[in-house]
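Summary of structural features
The primary structure of each chain is shown beneath.
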Amino acid sequence: FYLYATIGEQVFGGLVRYNKETRTKLAESDYDVDQYYDLNFNDFLSGMVVLFVLMVVNNWFVISDGFWRLSNKNGFSEFFFVSFYVVVNLIVLNILMALILDCLSTIREDIERQEARKLVEEGNSESEAEEEDELPGLPPRARRSLQRQKDRQ
């Protein structure tokens, strides 16, 4: 966001003003009809708000069309808004979703491991409880097998 907000402020800063010249360039556009004049890159925080609105895909085509008209229909505005959409919505949000899903699966595995440990502890006899301190989380049969191997050595 920081990079795009800074570039947007440098390229589009000061273009959006509620005056006669701006309204003439935006005549009959959805940007003018919907009164989106508050969505601008005139300062850094306003730029961040515009980028957030673009990220949630809230009429992004109306906003990009308004800036395209105000920047004298140059290709950079198209590149700017389409590249932001691709980078943020298709790449960053997918990475974020993958991270969230990975964390949830790790938590789920930890919970299942804890539940299995509780079941093992409940099924142990008192004599096996002493061995449990040395070998936590092992089922009784595996613990006995390891104990036999130790006795042979």
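This text gives an overview of the structure that appears in the document. (Residues numbered from 1 in each chain as written. Predicted model: local features only at pLDDT ≥ 70, side-chain atom pairs only at ≥ 80, totals over all residues. Heavy atoms only, no water.)

Focus on the overall build of the protein chain
A tally of regular secondary structure across the protein chain gives 8 helices and 0 strands. Reading the helices (α) and strands (β) of the protein chain from amino to carboxyl end gives α-α-α-α-α-α-α-α. For the protein chain, with 153 residues in total, the buried portion stands at 27%. The contacts of the protein chain with a sequence gap of at least 6 include a subset with a gap of at least 24, amounting to 60%. (Helix = DSSP H or I, 4+ residues; strand = E, 2+ residues; numbered from the N terminus. Buried < 20%, exposed > 50% of the residue type's maximum accessible area, 1.4 Å probe, protein only. Contact = heavy atoms within 4.5 Å.)

Some details on the packing of helix α1 (residues 2–12) against helix α4 (residues 44–55)
Look at α1 against α4: their axes get within 9 Å of each other, and the N-to-C directions meet at 120 degrees. One element, α1, and the other, α4, form an angle in the oblique class. Handedness of the α1/α4 crossing: right-handed. Residue-level contacts link Tyr-2, Tyr-4, Ala-5, Thr-6 and Glu-9 of α1 to Phe-44, Gly-47, Met-48 and Leu-51 of α4. Residue composition of the contact of α1 with α4, by class: 6 nonpolar, 2 polar and 1 charged. (Axes fitted to C-alpha atoms, helices over the stretch in contact; angles between N-to-C directions. Parallel < 35°, antiparallel > 145°, perpendicular 65-115°, else oblique. Left-handed = near helix turned anticlockwise from the far one by under 90°. Nonpolar A, V, L, I, M, F, W, Y, C, P; charged D, E, K, R; others polar.)

A word on helix α5 (residues 60–70)
For α5, every residue scored as buried is listed here: Val-62, Ile-63, Ser-64, Gly-66, Phe-67 and Leu-70. Phi for Asn-72, located one or two positions after α5, is positive at around 60 degrees.

Some details on the pattern of salt bridges
With the rule as written, the count across this model stands at 2 salt bridges. Of the charged contacts in the structure, one is a salt bridge between Arg-108 and Glu-112, with a shortest N-O distance of 3.8 Å. Note that Arg-108 and Glu-112 are positioned in helix α6 (residues 75–123) at a spacing of 4 residues, about one turn of the helix. Among the ionic pairs, Arg-113 bridges to Asp-110, the shortest N-O distance being 3.1 Å. Here Arg-113 and its partner Asp-110 are both found in helix α6, 3 residues apart, which amounts to about one turn of the helix. For Asp-110, a relative accessible area of 34% gives the class partly exposed. (Salt bridge = Lys/Arg side-chain N within 4 Å of Asp/Glu carboxyl O.)

What to know about the packing of aromatic side chains
This model, assessed by the stated rule, comprises 7 aromatic pairs. Measuring from centroid to centroid gives 5.1 Å for Phe-80 and Phe-81, while their planes differ by 90 degrees, and the two rings are edge-to-face. Look at Phe-80 and you get buried, because its relative accessible area is 2%. A connected cluster of aromatic rings, assembled from ring pairs, spans Tyr-4, Phe-41, Phe-76, Phe-79, Phe-80, Phe-81 and Phe-84. (Phe/Tyr/Trp six-rings, centres within 6.5 Å; stacked < 30°, edge-to-face > 60°.)

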